[in-house]
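# Secondary and tertiary structure notes
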Amino acid sequence: MNETLKVLETRRSCRNFDKERMVSEEDIQAVVKAGTYAATGMGRQSPIIIAVTNKELRNRLSAENAKIMGTATDPFYGAPTVVIVFADTNAGTWLQDGSLVMGNLMLAAYAVGLGSCWINRAKEMFESAEGKALMKEWGIADTYAGVACCILGYADGPLPEAKPRKNDYIVRV
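Attention here is on the structure that accompanies the text. Counting starts from 1 at the beginning of each chain's written sequence and moves along it residue by residue. Thresholds applied to this predicted model are a pLDDT of at least 70 for local features of residues and 80 or more for the giving and counting of side-chain atom pairs; totals over whole chains, interfaces and linings are not thresholded and use all residues. Computation of side-chain values covers all heavy atoms of the structure but excludes hydrogens and water.

## Looking at the overall build of the protein
Scanning the protein for helices and strands turns up six helices and four strands. Since a compact globule built from 173 residues should have a radius of gyration of about 16 Å, the 16 Å found for the protein is in line with a globular shape. If one aligns the C-alpha atoms of the protein with their principal axes, the spans along those axes are about 45 × 40 × 35 Å. Within the protein, the proportion of its 173 residues that are buried is 42%. Sequence-distant contacts, at least 24 apart, represent 82% of the contacts inside the protein between residues at least 6 apart. On the protein, roughly 10100 Å² of surface is accessible, and the fraction owed to carbon and sulfur atoms is 52%. When the 20 basic and 20 acidic side-chain charges of the protein are each reduced to a single mean position, those positions are 5 Å apart. Strands here are runs of E lasting at least two residues and helices are runs of H or I lasting at least four, both read from the DSSP assignment and numbered beginning at the N terminus. As a reference, a globule follows 2.2 Å times the number of residues to the power 0.38, and the radius of gyration itself is taken over C-alpha atoms. Remark: exposure states derive from per-residue accessible area (1.4 Å probe, protein chains only) relative to the maximum for the residue type, with buried under 20%, exposed over 50%, and partly exposed in between. Contacts were defined at the residue level, with two residues in contact if any of their heavy atoms lie within 4.5 Å. Working definition of accessibility: Shrake-Rupley area with a 1.4 Å probe, residue cover restricted to the visible protein chains. In this charge count, Lys and Arg are treated as positive and Asp and Glu as negative; neither His nor the chain ends contribute. A charge is said to be at NZ when it belongs to Lys, at CZ for Arg, at CG for Asp and at CD for Glu.

## Description of the packing of helix H2 (residues 25-36) against helix H4 (residues 94-111)
For any two helices packed against each other, one specifies the inter-axial angle together with the distance between the axes. All axes here are fitted lines through C-alpha atoms, helices being fitted over the stretch that makes contact, and every angle between N-to-C directions spans 0 to 180 degrees. At a minimum axis distance of 8 Å, the contact between H2 and H4 shows a crossing angle of 145°. The two elements H2 and H4 cross, and the hand of that crossing is right-handed. Residues Val31, Val32, Ala34 and Gly35 of H2 form the contact with H4, whose own contacting residues are Val101, Asn104, Leu105, Ala108 and Ala109. The residue makeup of the contact of H2 with H4, split by class, is seven nonpolar, two polar and no charged. We call a crossing left-handed when the near helix sits turned anticlockwise from the far one by less than a right angle, and right-handed when that turn is clockwise. Here the term charged refers only to Asp, Glu, Lys and Arg, the term nonpolar to Ala, Val, Leu, Ile, Met, Phe, Trp, Tyr, Cys and Pro, and the term polar to all other amino acids, Gly among them.

## A look at the environment of isoleucine 68
Along the chain, the position of isoleucine 68 falls in helix H3 (residues 55-69). With 105 residues separating them along the chain, isoleucine 68 and valine 173 place their C-alpha atoms 43 Å apart. Excluding anything up to four places from it in sequence, isoleucine 68 contacts Arg121, Glu124 and Met125.

## Regarding the environment of valine 85
Take valine 85: it is sitting in strand E2 (residues 81-88). A residue is classified by how much of its surface remains accessible, and valine 85, at 0% relative accessible area, is buried. Separated by 18 residues in the primary sequence, valine 85 and glycine 103 place their C-alpha atoms 11 Å from one another. In this view, valine 85 contacts Pro47, Ile48, Gly98, Val101, Met102, Leu105, Ala145, Gly146, Val147 and Ala148; residues no more than four positions away in its chain are not counted.

## Considering unusual backbone geometry
Within the chain, methionine 42 stands out as a residue other than glycine whose phi angle is a positive 55°. The topology assignment puts methionine 42 in the loop between H2 and strand E1 (47-52). Despite not being glycine, tyrosine 77 shows a phi value in the positive range, around 50°. Within the fold, tyrosine 77 resides in the loop between H3 and E2. Overall, the relative accessible area of 34% leaves tyrosine 77 in the partly exposed class.

## Some remarks on the sheet that holds E2
If you trace the four strands from one edge of the open sheet to the other, you get E1-E2-E4-E3, paired in antiparallel fashion. Here the strands that pair on one side only, and so sit at the sheet edges, are E1 and strand E3 (115-119). Pairwise comparison of adjacent strand axes, ignoring direction, gives a mean angle of 20° for this sheet. Two strands pair under a simple rule: DSSP has to find at least two bridges between them. Sheet topology note: the E1/E2 ladder contains six bridges and is antiparallel.

## Observations concerning H4
Here H4 is 18 residues long and its end C-alpha atoms lie 26 Å apart, about the 26 Å a rise of 1.5 Å per residue gives. All of the buried residues in H4 are Trp94, Asp97, Gly98, Val101, Met102, Leu105, Met106, Ala108 and Ala109. In this structure, the buried side of H4 is in contact with H2, E1, E2, E3, helix H5 (122-125) and strand E4 (144-153). Residue glycine 113 follows H4 closely and has a positive phi angle near 90°. Any helix carries an expected span of 1.5 Å times its number of residues minus one.

See below:
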């Protein structure tokens, strides 16, 4: 089977990370670079990718995400790296652009041996006063919105197997 198709068929979300092992800079660079090659509406490249490896900031973001979710647990499942995808809402395809970046990030993570998971609530996180302050600090214009967070780390155990595909997933007409 073609390696690309194998990655597409076998990548699964990881929710159990080795909390002692930091993601290497080489792996982070490979993953975020793959994100920059995602398709975007009319090639505008509206998204921005922020890689967070600072533990204190990662924990602040986790707490904000948990507050929005209404829980005290870590919505980042202990993953040491959080990649945030923003996209410019002036682009009519901003949400699709950012979603395609997220897909590339997760597939690239798996291809280099990392676990990953899509974490929601980025939009709400960066609509808050603290989130807006971070965006300003990072030089992100207020026309941008959070699309999602991609957590990265080394899996602490095997990833789950793919569930069987439903019978009516594909309809040919």
